[in-house]
Amino acid sequence: MGEAMSIASKIVDFVKDEPLLVSLGLVTPAAVKITGTPAVGQILTASPSSAFTASTYQWTRNGTNISGATAQTYTVQAADKGALLGCLVTGSVVSAGGARVPADVVTPPVLGYGVLLESFETVTGWTNQGAVGTLSSDAVNKVQGAASMRLANKGVNGTSFATKAAAFNADPSTFDLVAYYVAVDNRRPVQKISPTFGRGGTYSLSSTGVDIGTYDPESAYWASFNVSEDATMPTGVAATDLRIRPTLSAPYAGGFSIDSIVRNAPRKATICLTFDDVENTIYTFAYPRMKALGLVGTIYVCPSNVGISDSLTWAQIDELAANGWHIGNDGTMDDSNMSLKATLADAVNGAIQVRDTLVARGYPLEGAQHICYPFGEYKINKTPIQVATLTCNGTNIVTMASTAGIGVGWTCYGFGIPDGRTVVSVDSATQITLSGTVPSQALPAAFLDETHWSNNRALPDALAAQGFRTGRITNGDNYTRFGFGRNAMMLGGKGWSGQTQAGAQTLFDRAKLRGLTVLEYFHRITPAGGGIDISESLFDWYINLLATERNAGNIDVLTVSQLYARDVNGASNIPS
C-alpha cells in the first residue's frame, strides 16, 4: 500500500477522445470525468474509471474547497460564474496496488456569456451608406442562426459602412466587452472592422475596432474590444443605433461578413505558455520555477533535435509529461520550415511523422495533434502588385499603366473580378490576358503570385483533414470563448523577441481588458536574453505575474490541449 499523495495534477477531461492521463511518480491517477452542463442550476458529476475506487470527493472553485460540496455530484451555483470548477477525488488505484491518488479535474469555466446585441439574420433595417459598398446576406460565413451580413467595397477609395437604427436601447458604457465574429475575404486587404454605437444618426460613440492586420486575412474568427478603450465613450447615455465600418487598403475591394455582436461577453484572459525548439532551459530553468507556482506549459517537440547539444532529452520530456505538461508537435522532425517543402504532401507527412513518433513513445495522441509552424510559416508570403486602374472591356483582356513584375499564373483580385482569374500571358507592357472574362469596369486591382503550393490556406486545411486540431503561428492573438471559427489551425502566437517588462505588461493588460487568448512562445532562457531568447529575470517576472493573476481568479493559465477542450465547442455558448 502506498502513502496518500499530496500532489494534485490538474487535467482536462477529453470527453470526445481518450482522457489525458498524468503520471505522478510511479502511480498513474485514474481517468476521472466530470460530466454535465457548466451552467447555474445544472448538476455536474465526477465519475472515476473502473480502475479507481473513490473514497472522498471535494469540489473546488478556482482551486479552493467549496464548503459542504463533498458528494459525487455538485449543483452549479451563481457564485461559480467566471470560476474554474474542479473535483478532488481520492481513493485507490487498482493497478497501482492501492495507492491513494488525488486527481483534480478542471471543467470548463461557468461564465456569463453576455447579451446578443445583433444577430444579422437579415439585412432588413440595415442601410448601406457611403455609396462605395454593397450589402447582402451571407448564409455561408455564419456562426449562429441562418445568416451573417456581408459588406463588400466596390473598389473605390472611400468611406463604406452600414447602419441600423433602433437596433437596441442601452448605455454603451455598460457593455464592457464587445465580441463579434468576422469572416474576411481572402487576400483582399481589410485593416480594421469597427462596430460603433450612436443615436439618431450621430455616431459620437466610437469604438476602437480590431486591427485585422494582426491576423491573417484568410480566415474567420472572433474579435473583441472593451468599451473602456474609447476615451470618448460617455456614460449614462442611451444609444440605439449600430454602425459597421471597415478600414480598407488598395485595391479597395475588401469584403467581410460579420455575425453575432455580443455585449458583456466573457472577459477572462487565457494564457498558454508554449516553448519551441526543445531548448534544455525549458527543463533546467522554466520547469522548476513554473512547478513551484503551480503552472504547466506546452512544448512543441521536434524529435530529431532531442538529445543534441543544449536540447532536452527524452527523459526530461518524460518528466515534464509526468507533471502535466502538454507534449505538442513541432510540425517537422528537425524544426525545418514546413512551407519550403517540395509538395503539400511532404509538409503534411512531416507533421504526421512527428505525431507517430510521439505516440510511439507513449505520449498522448491529443497533444501530438496540436502543432506549431516552425518560423511561424505555413505559406510563402508574397507582396501583391497594386494596379491603380485595371481597365476591363468584358472579355479576358485587361489593360493597365504597367505590367512590370507580374508573372504568368499570378492571381488577379479586385471588385467584380471572379475568383480564380489568373494570368495566362503578359502580352505587352500594358496588357494581360486572364483565364476568364472580367466585367467592363475601370477600378483598382491587385496581382499576387500564388503559384507555390503553400499559398493561402492549403497547409492548415490539409493538416486539419488529417486530424490535427490547432496550429500556432507567430503573430496575433485570439478571442476564443465562443470557439475558434475557422482559425483553429492558424492561432496567433506572441513571441518575446526584444520584449521589455513594460511592453509585456502593456500587452498583458490588453489581453485582460479584451478577454483574449494568448499563446505565448519562448525559445531559450538565458541570463541576459537577446535576439529571440528571453532573459531569466524577465521570464521569472512574467510567470510570477501570471501566478498572481491566476490565483486572484483574473485569468486562466492552460496548456494548449486544455484550451482546445474548453473552447472547441464554444459556439454553443453564443447567446441567442
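Asks: Go over the overall build of the protein chain with me, naming the residues and quoting the values.
Replies: Of regular secondary structure, the protein chain possesses eight helices and 36 strands. A total of 576 residues make up the protein chain; the buried ones form 55% of that total. Pairs at least 24 apart in sequence give 74% of the contacts found in the protein chain among residues at least 6 apart. Per element, the accessible surface of the protein chain, about 21800 Å² overall, is 52% carbon and sulfur.

Asks: Can you tell me about the packing of helix α1 (residues 281-292) against helix α2 (residues 314-322), naming the residues and giving the values?
Replies: Between α1 and α2, whose axes approach to 10 Å, the crossing angle comes to 25°. On the basis of the axis angle, α1 is roughly parallel to α2. The hand of the α1/α2 crossing is left-handed. For the pair α1 and α2, contact is made by I282, Y283 and Y287 and by Q316, E319 and L320, respectively. Each residue belonging to the contact of α1 with α2 can be placed in one class, and the counts come to four nonpolar, one polar and one charged.

Asks: Outline the pairing of strand β12 (residues 148-153), supporting the account with residue identities and numerical values.
Replies: β12 sits mainly inside the fold: five of its six residues count as buried. Sheet topology note: the strand β11 (residues 133-138)/β12 ladder contains six bridges and is antiparallel. Across the sheet, S137 pairs through a bridge with M149, a residue of β12. Where β12 meets strand β20 (residues 255-263), four bridges bridge the pair, whose relative direction is antiparallel. Opposite L151, over in β20, you have F256 as the bridge partner.

Asks: Report on the side chain of S224, specifying residues and quantitative values.
Replies: Mapping S224 onto the fold places it in strand β18 (residues 220-226). The class of S224 is buried, set by a relative accessible area of 3%. A polar atom in the side chain of S224 sits 2.8 Å from the backbone oxygen of R514.

Asks: An account of the pairing of strand β29 (residues 431-434) is requested, with residue identities and associated values reported.
Replies: Of the strand pairs in this sheet, strand β26 (residues 397-399) and β29 are connected by three bridges, and their pairing is antiparallel. The partner of T399 across the bridge, within β29, is Q431. With three bridges joining them, strand β28 (residues 423-426) and β29 adopt antiparallel strand pairing. By the bridge assignment for β29, V426 is matched with I432. Turn length for the β28-β29 hairpin, with the two strands adjacent in sequence and antiparallel, is four residues.

Asks: Describe in detail the sheet that holds strand β27 (residues 411-413), supporting the description with residues and values.
Replies: The six strands are arranged β27-β30-β25-β26-β29-β28 in an open sheet whose pairing can be described as antiparallel. Here the strands that pair on one side only, and so sit at the sheet edges, are β27 and β28. On average, each strand axis in the sheet is inclined to that of its neighbour by 40°, with strand direction left out of account.

Asks: Please provide a residue-by-residue account of the state of the cysteines, values included.
Replies: Note on terminology: a disulfide is the covalent bond linking the sulfur atoms of two cysteines. By the definition in use, this model includes zero disulfides. Looking at the unpaired C302, the closest cysteine sulfur is the one in C372, lying at 8.0 Å.

Asks: For the nonpolar core, give the residues involved together with the corresponding values.
Replies: Of all hydrophobic cores here, the largest spans 58 residues; its most connected members are L273, F275, I299, F539 and Y542. A total of seven residues in this core trace back to one element, the largest contributor, which is helix α7 (residues 536-551). L273 has contacts with M290, L295, G297, T298, E520, F522, Y542, I543, L546, V557 and L558, leaving out every residue within four places of it along the chain.

Asks: Let's hear about helix α8 (residues 560-567): which residues, and what values?
Replies: α8 sits mainly inside the fold: seven of its eight residues count as buried. The complete set of buried residues in α8 reads V560, S561, Q562, L563, Y564, R566 and D567.

Asks: If you had to explain helix α6 (residues 501-514) to someone new, which residues and values would you point to?
Replies: Helix length check: α6, at 14 residues, gives a terminal C-alpha distance of 20 Å against a target of 20 Å (1.5 Å per residue), a fit within 8%. Burial in α6 covers these residues: A504, F508, A511 and R514. The arc that holds every buried residue of α6, seen down its axis, measures 135°, which confines them to one face. The exposed residues of α6 that point more than 90 degrees off its buried face are A502 and T506. Looking at the buried side of α6, the elements it contacts are β14 (177-184), β18, β21 (269-275), β33 (517-522), α7 and β36 (555-557). Of the residues flanking the end of α6, it is G515, one or two places downstream, whose phi is positive at about 65°.

Asks: Give a detailed account of the packing of aromatic side chains, specifying residues and quantitative values.
Replies: All chains considered together, the criterion is met by 24 aromatic pairs. Ring plane angle 65° and centroid distance 6.2 Å describe the contact between Y180 and F225, whose orientation is recorded as edge-to-face. Taken together, the positions of Y180 in strand β14 and F225 in strand β18 put the pair 45 residues apart, joining distant regions of the chain. The exposure classification of Y180 matches that of F225, with both residues buried. Members of the aromatic cluster, joined through ring pairs, are F275, Y283, F285, Y287, W325, W496, F508, F522, F539, W541 and Y542. Here the guanidinium or amino end of R243 rests over the ring plane of F161, the centre of that ring lying 4.3 Å away.

Asks: Break down the side chain of T480 for me, citing the residues and quoting the values.
Replies: Checked against the element boundaries, T480 lands in the loop between β31 (470-472) and β32 (493-494). Of the polar contacts made by the side chain of T480, one reaches the side chain of T517; its length is 2.8 Å. With near-sequence residues (within four places) excluded, T480 lies in contact with T517, L563, R566 and D567.

Asks: Could you give an account of the pattern of salt bridges, with specific residues and numbers?
Replies: Inspection of every chain in the model, using the stated rule, returns 16 salt bridges. Close ionic contact of D461 with R457 constitutes a salt bridge, the shortest N to O distance being 2.9 Å. Using a relative accessible area of 13% as the deciding quantity, one classes R457 as buried. If you follow the salt bridges from partner to partner, you end up with K268, R481, D556, R566 and D567 in one network.

Here is what the cut-offs are and how they apply
Residues numbered from 1 in each chain as written. Predicted model: local features only at pLDDT ≥ 70, side-chain atom pairs only at ≥ 80, totals over all residues. Heavy atoms only, no water. Helix = DSSP H or I, 4+ residues; strand = E, 2+ residues; numbered from the N terminus. Buried < 20%, exposed > 50% of the residue type's maximum accessible area, 1.4 Å probe, protein only. Contact = heavy atoms within 4.5 Å. Areas by Shrake-Rupley, 256 points an atom, 1.4 Å probe, with all protein chains shown as cover. Axes fitted to C-alpha atoms, helices over the stretch in contact; angles between N-to-C directions. Parallel < 35°, antiparallel > 145°, perpendicular 65-115°, else oblique. Left-handed = near helix turned anticlockwise from the far one by under 90°. Nonpolar A, V, L, I, M, F, W, Y, C, P; charged D, E, K, R; others polar. Pairing = 2+ DSSP bridges. Polar contact = N/O pair within 3.5 Å; in protein donor to acceptor, adjacent residues only side chain to side chain. Disulfide = S-S within 2.5 Å. Core = buried A, V, L, I, M, F, W, Y, C linked by side-chain atoms within 4.5 Å. Expected span 1.5 Å × (residues − 1). Arc of directions from axis to C-beta. Phe/Tyr/Trp six-rings, centres within 6.5 Å; stacked < 30°, edge-to-face > 60°. Lys NZ or Arg CZ within 6 Å of the ring centre and 35° of its normal. Salt bridge = Lys/Arg side-chain N within 4 Å of Asp/Glu carboxyl O.

The quantities given are spatial measurements derived from coordinates; they are silent on function.
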